[in-house]
Amino acid sequence: MGDNAQTTFLDEVAALPACGKISECIQCGVCSGSCTTATHWEYPPRKVIAMVRSGLKDELLKSNSIWFCVSCYLCTARCPRDIKPASIVHGLESIALKEGYKPPTKTTTMYKTFSESIVNNGRIYEFGFMFKYYLQTNPLAALKMLPTALNLLAHKRMPLTPKKVKGKADLRIIINKLSAGGGK
Amino acid sequence: MRYYAYYPGCSMEATGLPVEKSIKAIAKPLDLEFIELEDWTCCGSSPFAGVDKAKAIGITARTLAQAEKTGLDLVTPCSSCYTILQEANDLLKEDHKLAERVREALSAIGLSYNGTVKVRHIAEVLFNDVSPAGLAAKVVRPLTGLKVACYTGCQQVRPSYGFDDSEYPDWLDQMAKSLGAKPVNFPLKARCCGSSLVISESDVALDLIHRLLENAQENGAQCMVSTTCPLCFTALDVYQATVNSKFKKKFDLPVLAITQMIAIALGLDIKASALDGNVVSPQKLLKPYLSAKPQAAGVETSA
């Protein structure tokens, strides 16, 4: 389906894992009313879904919407049509990242450095991940984080070396097999 | 003794260490044995799903396959790992095309997954397998009268996997009561702490943490009892200082993981509760309890 020039934005989203029921949305707005961070979204969740169905891909993926999702799943627990709005939002995030959209948020960089930490270490290495994230976004903001980091160090909650995880080689194989082209 | 396959999750090796230490300490006295999966890897959490869901499910499947080999229930204390593992487990049964791709990827590393694993949050193990009554029978140092706000957070009860109410869960209140403590009304108990957004959109997350602390304090709590999730625990404990400086507040509300509280009530050595790992020190508040002489187990603990 992904190679077909006729594929609509809606088709693209509906093909993602856990996003297949998007067409069953009745636009009731329970998701927007429930959303923990909706006031920050340029287009709140109900509109996000409407925009996917209307093919307004650029408008949606250039906006800050979706990146404020905190995965609290209030929308998903309450949706009367069980369309899983949080999963759709994460699916949209993956399309935006893959296609190089640059929405006005640092969450995109956070996601990328977080995921790199998994691939590089097999587990999230919190200190390394945070350090890299601040270096890539705003090194000065790292200064504001200093008291937090010192608190964590003082309470022995921020090891400065990553654990050695042999399974990281497995993760690379899995990721490679599941890359576009489908395992070959 | 009950046996479980144990998946701590990455944060338990860093920011969640006090919680992890207390879990290890209370397991044996509660006749539980958590057998850590060998060489486990990250579940991917929400950020990896936001980068590529199919790959995220693929790496989660490695953990499910490892757990299946043990024949035991898979238990995790992290609410994010719990939701991710549950969702992957469901999707691998529902989405046959995805399951086939994941099956191929797993076979490349010599693993397979047949969908038989039961994923459980440690909260649910404590509540259903140990139970409030079972816990109360082992209490030797009751936390009588301690007013607590019980915080379960989101991903332990949402999306719902049937353990407790998804809007206003009660398990943690019941557990705290069985230790002698007195849960206060806490309307925001299952609202979000902001999780990893505290890194990339800190204003948004700090606002959420602020609301939680304020709601707990307004309702008369002397401290918060959090679920075992290392993200919830860290948000409320470590970022309390940041909330104070941002909102010009003076919160000094200790945050205890329920497992730390259980360690105290069971009369274990002070090291077992790992209280020295808490940034907001609970020592002063707990001094009367910690210095009290342990009593015979099973004495009526309710205030």
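Residues numbered from 1 in each chain as written. Chains lettered and ligands numbered in written order. Predicted model: local features only at pLDDT ≥ 70, side-chain atom pairs only at ≥ 80, totals over all residues. Heavy atoms only, no water.

### Digging into the overall build of chain A
- For chain A, the count of helices and strands is 10 helices and 0 strands.
- Shown N-terminal to C-terminal, the secondary structure of chain A runs as helices and strands in the order α-α-α-α-α-α-α-α-α-α.
- On the principal axes, the C-alpha backbone points of chain A span a range of 50 × 45 × 30 Å.
- Within chain A, residue pairs in contact and separated by at least 24 positions form 61% of the contacts whose partners lie at least 6 positions apart.
- Accessible surface for chain A amounts to roughly 8900 Å². Of this, 56% is attributable to carbon and sulfur atoms. (Helix = DSSP H or I, 4+ residues; strand = E, 2+ residues; numbered from the N terminus. Contact = heavy atoms within 4.5 Å. Areas by Shrake-Rupley, 256 points an atom, 1.4 Å probe, with all protein chains shown as cover.)

### Quick look at the interface of chain A and chain B
- Every contact between the two is made by 62 residues of chain A and, on the other side, 64 residues of chain B.
- A buried area of about 5500 Å², summed over both sides, lies between chain A and chain B, and 64% of it is on carbon and sulfur atoms.
- Its largest share of buried area at the contact with chain B, chain A owes to Arg 123, Arg 157 and Leu 178 of chain A, together 15% of the area lost on that side.
- Between the two partners, chain A and chain B, sit 5 salt bridges.
- Residues Glu 167 of chain B and Arg 78 of chain A are paired through a salt bridge, measuring 2.6 Å at the closest nitrogen-oxygen approach.
- When its residues are assigned to classes, the side of chain A that touches chain B shows 31 nonpolar, 18 polar and 13 charged. (Buried area = accessible area lost by both parts, 1.4 Å probe. Salt bridge = Lys/Arg side-chain N within 4 Å of Asp/Glu carboxyl O. Nonpolar A, V, L, I, M, F, W, Y, C, P; charged D, E, K, R; others polar.)

### Side note on the packing of helix H8 (residues 126–137) of chain A against helix H9 (residues 139–154) of chain A
All names here are of chain A.
- Contact pair H8 / H9: the axes reach a minimum separation of 6 Å and the direction vectors enclose 135 degrees. By the angle between their axes, H8 is oblique relative to H9. Contacts between H8 and H9 involve Met 130, Tyr 134, Leu 135 and Thr 137 from the former and Pro 139, Ala 141, Ala 142 and Met 145 from the latter. (Axes fitted to C-alpha atoms, helices over the stretch in contact; angles between N-to-C directions. Parallel < 35°, antiparallel > 145°, perpendicular 65-115°, else oblique.)

### What to know about the environment of Phe 114 of chain A
- The topology assignment puts Phe 114 of chain A in helix H7 (residues 107–121).
- Classification of Phe 114 of chain A as buried rests on a relative accessible area of 10%.
- Measuring from C-alpha to C-alpha, the distance between Phe 114 of chain A and Lys 132 of chain A comes to 9.3 Å, with 18 residues separating the pair along the chain.
- Dropping the residues within four chain positions of it, Phe 114 of chain A is found in contact with Ile 124 and Phe 129 of chain A together with Gly 44, Ser 45 and Pro 47 of chain B. (Buried < 20%, exposed > 50% of the residue type's maximum accessible area, 1.4 Å probe, protein only.)

### Let's talk about the nonpolar core
- With 161 residues, the main nonpolar core has Leu 92 of chain A together with Leu 74 and Met 224 of chain B as its most contacted residues.
- Per-element tally for this core: the top contributor is helix H3 (residues 53–70) of chain B, with 8 residues.
- Contact partners of Leu 92 of chain A, with chain neighbours within four places excluded, come to Phe 9, Val 13, Val 48, Val 52, Leu 60, Leu 61 and Ile 66 of chain A. (Core = buried A, V, L, I, M, F, W, Y, C linked by side-chain atoms within 4.5 Å.)

### Some words on the layout of surface pockets
- What the second largest pocket holds in volume is close to 410 Å³.
- As for the second largest pocket, its lining consists of 19 residues, of which Ala 141 and Lys 144 of chain A together with Val 198, Ser 202 and Asp 203 of chain B are closest to the centre.
- Of all the secondary structure elements, the ones that give two or more residues to the lining of the second largest pocket are H8 and H9 of chain A together with helix H9 (197–200), helix H10 (202–218) and helix H12 (240–247) of chain B. (1 Å grid on protein atoms, 1.4 Å probe; cavity = no way out; pocket = protein on both sides within 12 Å on 5 of 7 lines; lining within 4 Å. Points joined across faces, edges and corners; volume = space filled by probe spheres on them.)

### Comments concerning the domain arrangement of chain A
Residue and element names in this part refer to chain A.
- Assigned domains within chain A: domain 1 (9–98) and domain 2 (107–177).
- Each of domain 1 and domain 2 has a C-alpha centre, and these two points are 28 Å apart.
- In this complex, domain 1 contributes 4 residues to the contact, which on the side of domain 2 involves 4 residues.
- Between domain 1 and domain 2, a total of about 390 Å² is buried, with carbon and sulfur atoms accounting for 72% of that surface.
- When the buried surface of domain 1 facing domain 2 is broken down by residue, Trp 67, Glu 93 and Leu 97 rank first, second and third, together holding 92% of it. (Domains from an automatic or database assignment.)

### With respect to the domain arrangement of chain B
All names here are of chain B.
- In terms of domain boundaries, chain B breaks down into domain 1 (2–122) and domain 2 (140–290).
- A straight line from the C-alpha centre of domain 1 to that of domain 2 covers 25 Å.
- The interface of domain 1 with domain 2 comprises 26 residues on the first partner and 25 residues on the second.
- With both chains or domains summed, domain 1 and domain 2 bury close to 2000 Å², and 71% of this area falls on carbon and sulfur atoms.
- Taken as a group, Pro 18, Val 19 and Ile 26 account for 24% of the area that domain 1 buries against domain 2, more than any other trio of residues on that side.
- Counting across the interface, domain 1 meets domain 2 through 0 salt bridges.
- Grouping the constituent residues of the side of domain 1 that touches domain 2 by class yields 13 nonpolar, 10 polar and 3 charged.

### A word on empty space enclosed by the protein
- The full count for this structure, using the stated rule, is 7 cavities of 30 Å³ or more.
- Size it by volume and the largest cavity reaches roughly 680 Å³.
- The leading source of residues in the lining of the largest cavity is helix H11 (residues 230–237) of chain B, at 5 residues.
- Residues belonging to the lining of the largest cavity are distributed by class as follows: 32 nonpolar, 14 polar and 1 charged.
- Taken together, 15 residues line the second largest cavity, and the ones lying closest to its centre are Cys 35, Trp 41, Cys 69, Cys 72 and Cys 75 of chain A.
- The element contributing the most residues to the lining of the second largest cavity is helix H6 (residues 85–98) of chain A, with 3 residues.
- Looking at the lining of the second largest cavity residue by residue, the classes come out as 12 nonpolar, 3 polar and no charged.

### Some remarks on the pattern of salt bridges
Residues and elements named next belong to chain B.
- Applying the stated criterion across every chain yields a total of 24 salt bridges over all chains.
- Where Lys 189 meets Asp 173, a salt bridge forms, and the shortest distance between an N and an O atom there is 2.9 Å. Taken together, the positions of Lys 189 in the loop between strand E6 (182–183) and H9 and Asp 173 in helix H8 (residues 171–178) put the pair 16 residues apart, joining distant regions of the chain. Here Lys 189 and Asp 173 have matching classes, each one buried.

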